[in-house]
Amino acid sequence: MTNIHLNKILILDFGSQYTQLIARRVREIGVYCELLPYDIGDDFIKDFNPKGIILSGGPDAVTLDNSAKAPNIVFELGVPVLGICYGMQTMATQLGGQAISADKHEYGFAQIKCEDNQCYLLSELRDDTHNITKHALLDVWMSHGIKVSALPEGFKLIASTDNCAIAGFADEKKHYYGLQFHPEVTHTKQGKHILERFVVGICRCEKKWTTDNIIANLIQNLKKQIGKSNVLLGLSGGVDSSVVAALLHQAIGAQLTCVFVDNGLLRLNEGDEVMQTFANNMGVKVIRANAQKKFYDALSNEDKPEAKRKIIGHAFIEVFEQEARKLDNIKFLAQGTIYPDVIESAGAVSGKAKVIKSHHNVGGLPKELKFKLVEPLKELFKDEVRQIGVKLGIPAHILYRHPFPGPGLGVRILGQVKQEYAGILRLADAIFIQELYNHNLYNKVNQAFSVFLPIKSVGVTGDERRYDYVIALRAVETIDFMTARWARLPYDFLDFVSNRIINEIPRISRVVYDVSGKPPATIEWE
Ligand code: XMP
């Protein structure tokens with residue numbers, strides 16, 4: 001069995017919004033890496049035994065006395081070190097160089113100039129293959145207000161821009177490198193090559209972190225951890241729990257039982273699709289708990305958003321527990337925790353969407369059920385989870401679906417939730433999403449959905465005036481879901497969708513499109 005963790009890179013996080021991207025790029029290259037707070041402690045770093053260390057960017061200013069510093073051990077281990085943005089600046093000042101506030105803050109595109117043969121890290125890279133001069137001009141992404149002004153001893157200049165004389169430096173004997181720009185961001189066209197040169201060429205990591213190797217390892221570890229015991233999984237139909245179900249099914253077959261709670265707040269035909277995919281096609285043991293009435297009853301007198309969320313969370317735990325108690329000999333509870341959840345709960349990274357998963361985590365189960373946890377995805381990023389899902393035969397439309405909140409339509413029906421409203425909203429949303437697919441727009445936006453507004457607005461059909469409900473359409477473009485821009489969907493498309501919704505679904509008089517960004521608005525309407 002390939003040891004997928006044999007060569008590892010340690011990324012010390014100084015709090016940049018791009019730090020997770022560094023980790024994702026390194027993993028895409030085929031090398032395992034972990035992301036830890038920059039002040040994790042010397043012993044930990046030593047025990048981690050990295051083949052190389054990357055110091056991330058961050059919001060601090062090295063010109064201040066008490067700015068965040070890389071632990072000295074980083075420069076004592078004798079392994080290659082790459083400092084990016086803040087990481088470069090702190091490396092420079094910690095090793096005897098200098099940094100100053102830049103007269104001009106640089107944010108966005110820049111072009112670095114680097115000479116061939118000056119340094120392996122950047123040598124002979126070209127954005128434009130027709131550029132055959134001995135130096136390259138590479139498009140890069142910059143984001144800084146401080147710059148390195150004097151090189152530490154033993155270092156040489158390897159890249160510069162018009163505004164930043166020292167945009168890259170290296171001490172090739174010690175294998176220390178600094179880049180003022182962000183190679184992890186896709187706007188830096190050669191970024192992945194640069195990281196690959198560092199990780200593979202300089203740190204000499206072998207590419208063992210591949211989807212096939214990861215799956216083989218996960219299955220072997222699951223078999224070892226679980227033995228002959230039985231495992232319970234709350235299957236929501238989302239990406240993470242779906243991939244856990246498929247993995248466990250491969251690892252332990254009939255020892256896995258999934259519980260799928262239909263809370264009446266799912267999308268059109270979602271419950272049937274989950275059963276079709278997992279129970280019928282893949283042969284996974286899935287119990288469908290039809291609890292729609294319980295949820296509607298529990299929600300019947302509540303119109304406040306937070307209270308609705310709590311009710312839905314509690315009802316979920318109750319149903320799940322009821323089903324769990326019917327099963328014999330369950331020793332393990334499987335969960336779809338992924339690496340960003342782990343990083344966020346450890347507080348290692350700032351600026352990342354805090355996706356609220358509390359009720360999906362079934363963390364509120366009574367202690368006497370005494371389940372041990374199985375969390376096979378906890379080392380993986382979402383894109384890695386999806387790739388595993390593809391290999392395990394989960395349909396692409398499940399794996400590449402937009403995010404759907406745990407409380408489902410409960411947060412998309414404003415005010416009191418009623419079965420009638422859920423029925424109307426489901427139909428409207430199905431039309432919107434179907435047409436996004438039909439017009440090749442679904443994958444151009446990061447999240448799209450419909451919202452039910454329980455107000456009556458006037459409409460006219462034939463000669464008759466009618467007072468019916470309003471549907472709001474929402475579509476956003478976002479990277480991290482912390483900020484979002486409303487998607488500029490074509491007017492003709494919106495016109496088409498609006499006509500279909502009003503004509504095909506009774507009780508809707510009006511369709512509106514949400515043109516609010518986040519902030520100040522949020523993505524969901526609640
Ligand atoms: P907001 O509305 O806060 O949403 O801008 C940001 C992202 O989080 C999703 N969201 C949730 N996801 N459980 C989830 O798993 C929840 O309770 C929940 N609430 C919001 C939302 O759909 C958007 O993608």
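Residues numbered from 1 in each chain as written. Predicted model: local features only at pLDDT ≥ 70, side-chain atom pairs only at ≥ 80, totals over all residues. Heavy atoms only, no water.

1. Section: the overall build of the chain
To be explicit about the condition: Going along the chain from the N terminus, every DSSP run of H or I of four or more residues is numbered as a helix, and every run of E of two or more is numbered as a strand. Under the scheme applied here, a residue whose accessible area is under 20% of the maximum for its type counts as buried, over 50% as exposed, and between as partly exposed, the area being computed with a 1.4 Å probe on protein chains only. We call two residues in contact whenever any of their non-hydrogen atoms come within 4.5 Å of each other. Surface accessibility follows the Shrake-Rupley procedure with a 1.4 Å probe radius. Residue values consider only the protein chains on display as shielding. The charged-residue count follows a simple rule in which Lys and Arg add positive charge and Asp and Glu add negative charge, with His and chain termini not counted at all. For charged residues, the charge sits on one atom: NZ in Lys, CZ in Arg, CG in Asp, CD in Glu.
From N to C terminus, the chain includes 14 helices and 18 strands. Each principal axis of the C-alpha atoms in the chain carries an extent, and together these give about 80 × 65 × 45 Å. For the chain, with 526 residues in total, the buried portion stands at 54%. Residue pairs at least 24 apart in sequence account for 76% of intrachain contacts in the chain once pairs closer than 6 positions are excluded. A total of about 23800 Å² of accessible surface is found on the chain, and carbon and sulfur atoms cover 50% of it. Here the chain holds 61 positive side-chain charges and 60 negative ones, and the gap between their average locations is 4 Å.

2. Describing the packing of aromatic side chains
Threshold: We call Phe, Tyr and Trp rings a pair once their centres come within 6.5 Å, taking the six-membered ring for Trp, and we label the pair stacked below 30 degrees between planes, edge-to-face above 60, and tilted otherwise.
All chains considered together, the criterion is met by 17 aromatic pairs. Here Y32 and W209 contribute two aromatic rings whose centre-to-centre distance is 4.9 Å and whose plane-to-plane angle is 45°, an arrangement assigned as tilted. With a gap of 177 residues between them, Y32 in strand β2 (residues 32-37) and W209 in the loop between α4 (191-202) and α5 (211-226) connect regions that are remote in the sequence. Exposure remark for Y32: the relative accessible area of 2% places this residue in the buried category. With 6.5 Å between their ring centres and 40° between their planes, F432 and F493 make a pair best called tilted.

3. A closer look at helix α1 (residues 19-29)
Burial analysis of α1 places 8 of its 11 residues in the buried class, which makes it a mostly covered element. Where α1 is concerned, the buried positions are T19, Q20, I22, A23, R25, V26, R27 and I29.

4. A closer look at the pairing of strand β16 (residues 464-477)
Here is the rule: In this scheme, strands are said to pair when DSSP sees at least two bridges between them.
Of all the 14 residues making up β16, 10 are buried; the element is thus mostly covered by neighbouring parts of the structure. Bridge count between β16 and strand β18 (residues 508-513): 5 bridges; the pairing is parallel. The residue of β18 that forms the bridge with V470 is R510.

5. Brief notes about the pattern of salt bridges
To be explicit about the condition: We define a salt bridge as a side-chain nitrogen of Lys or Arg found within 4 Å of a carboxyl oxygen belonging to Asp or Glu.
The full count for this structure, using the stated rule, is 29 salt bridges. Here K294 ties to E318 by a salt bridge, and the two come within 2.6 Å at their closest N and O atoms. One end of the pair, K294, is in helix α8 (residues 292-299); the other, E318, is in helix α9 (residues 305-326), and 24 residues separate them in sequence. Here D514 and R474 are joined by a salt bridge, their closest N and O atoms 3.1 Å apart. Note that D514 is positioned in the segment after β18 and R474 in strand β16, a separation of 40 residues in sequence. Here the two residues D514 and R474 agree in accessibility, since each one is buried. Three or more residues are tied together by salt bridges with common partners; here these are R267, E270, E273 and R401.

6. Description of the sheet that holds strand β14 (residues 372-374)
Put simply, the test is: Every axis in this analysis is a line fitted to C-alpha atoms, fitted for helices over the stretch in contact. Angles between the N-to-C directions lie between 0 and 180 degrees.
Pairing is parallel in the open sheet, where 5 strands are placed in the order β12-β11-β10-β13-β14. Across the chains shown, the open sheet's two edge strands, defined by having one partner strand only, are β12 (286-290) and β14. The mean angle between the axes of side-by-side strands here comes to 30°, regardless of whether they run parallel or antiparallel. In this sheet, β12 lies alongside strand β11 (residues 256-262) in parallel orientation, the contact comprising 5 bridges. Residue pairing for β12: F260 is matched across the bridge by R288. Its contacts with the sheet put α5 on β10 (230-234), β13 (330-334) and β14, and the angle it makes with β14 is roughly 170°. Strands in contact with helix α6 (residues 239-252) are β10, β11 and β13; relative to β10, the strand with the most contacts, it is inclined by about 165°.

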